[in-house]
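Structure at a glance
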Amino acid sequence: MRRLSGYPRWFYAALMIVVTALVASGILLLPNMIELRLDMDAPVHLSGSLRLASAAAHSFTAFLAIGVVGALATVHMRVGWNRKQNRKSGISLLALFFFLLASAVGIYYFGDMDLSRLSSLSHSLVGLVLVLLFAWHAVVGRRIRLQKRRGR
Ligand code: HEM
Ligand code: HEM
């Protein structure tokens with residue numbers, strides 16, 4: 001099984017499961033966001049209980065994701081940063097996670113309707129961008145890892 005240098009064997013799988021669950025639960029929240037926040041018709045409609053379960057799953061996986069990113073900061077990011085490898089997409093990923101966290105707090109706590117709507121919309125769009133950036137970072141990262149292995 002694939003692993004991330006410097007981490008226990010299970011960590012890579014855990015990272016992938018958490019990121020996938022985070023994105024999947026976020027996508028499930030999109031129809032409700034379109035209907036309630038943007039006042040538009042969504043192509044699909046989720047029942048109240050499914051929407052509640054998705055929101056709970058999303059919040060839960062978001063907490064886990066923040067923990068996983070914190071764990072990556074201790075070894076993965078430091079080593080990559082010091083070696084000047086995969087820096088651009090790595091630091092951009094980190095910035096996106098930070099934005100998602102900040103805009104999630106905005107969704108909950110902005111009293112002003114316009115600001116709250118802006119938080120929801122930007123959170124959802126940046127969430128989708130995260131998928132692309134994560135894939136790009138992982139593909140380039142994998143290439144770097146394979147080159148390192150061949151060089152040994
Ligand atoms: C670390 C990253 C993330 C954090 C901390 C986070 C956190 C949250 C929180 C706390 C909520 C409010 C849940 C509720 O309705 O009670 C939320 C809503 C939402 N999130 Fe995320 N999320 C993250 C990543 C993502 C990603 C990757 C997507 C991708 C699609 C996404 C899409 C959404 C959507 C569509 C909503 C509903 C917005 C609304 O109804 O106003 N999130 N997020
Ligand atoms: C400053 C920030 C970061 C830097 C400099 C960085 C650097 C690197 C480097 C050099 C690799 C090549 C393989 C290795 O060393 O193991 C890599 C791969 C990878 N990184 Fe990052 N990274 C950063 C942030 C992140 C973040 C925030 C995540 C996830 C949330 C992440 C997830 C991954 C994944 C999944 C791989 C692919 C591993 C593989 O398939 O072999 N990285 N990164």
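Residues numbered from 1 in each chain as written. Chains lettered and ligands numbered in written order. Predicted model: local features only at pLDDT ≥ 70, side-chain atom pairs only at ≥ 80, totals over all residues.

Examined against the element boundaries, Val 105 turns out to sit in helix H3 (residues 87-109). Sequence separation between Val 105 and Ser 116 is 11 residues; the distance between their C-alpha atoms is 9.7 Å. (Helix = DSSP H or I, 4+ residues; strand = E, 2+ residues; numbered from the N terminus.)

Moving on, we come to the site of ligand 2. In the neighbourhood of ligand 2, 22 residues make up the surrounding shell, with Gly 80, Gln 85, Asn 86, Gly 90 and Gly 141 lying closest. Where the shell around ligand 2 is concerned, the elements lending two or more residues are helix H2 (48-82), H3 and helix H4 (113-151). (Near = placed C-beta within 6 Å.)

As a matter of local geometry, ligand 1 sits amid 26 residues, with Gly 26, Ala 62, Ala 104, Ser 120 and Gly 127 nearest to it. Looking at the shell around ligand 1, the element that brings in the most residues is helix H1 (residues 9-36), giving eight residues. Across the shell around ligand 1, the residue classes tally to 17 nonpolar, eight polar and one charged. (Nonpolar A, V, L, I, M, F, W, Y, C, P; charged D, E, K, R; others polar.)

Glancing now at the packing of H1 against H2. Relative to each other, H1 and H2 sit at 145°, their axes nearing to 8 Å. The chirality of how H1 crosses H2 is left-handed. Side by side, H1 and H2 meet where Ala 14, Leu 15, Val 18, Val 19, Ala 21, Leu 22, Ser 25, Gly 26, Leu 28, Leu 29 and Asn 32 of the first sit next to Arg 51, Ser 54, Ala 55, Ala 57, His 58, Thr 61, Ala 62, Leu 64, Ala 65 and Val 68 of the second. In the contact of H1 with H2, the residues fall into 14 nonpolar, six polar and one charged. (Axes fitted to C-alpha atoms, helices over the stretch in contact; angles between N-to-C directions. Left-handed = near helix turned anticlockwise from the far one by under 90°. Contact = placed C-beta atoms within 7 Å.)

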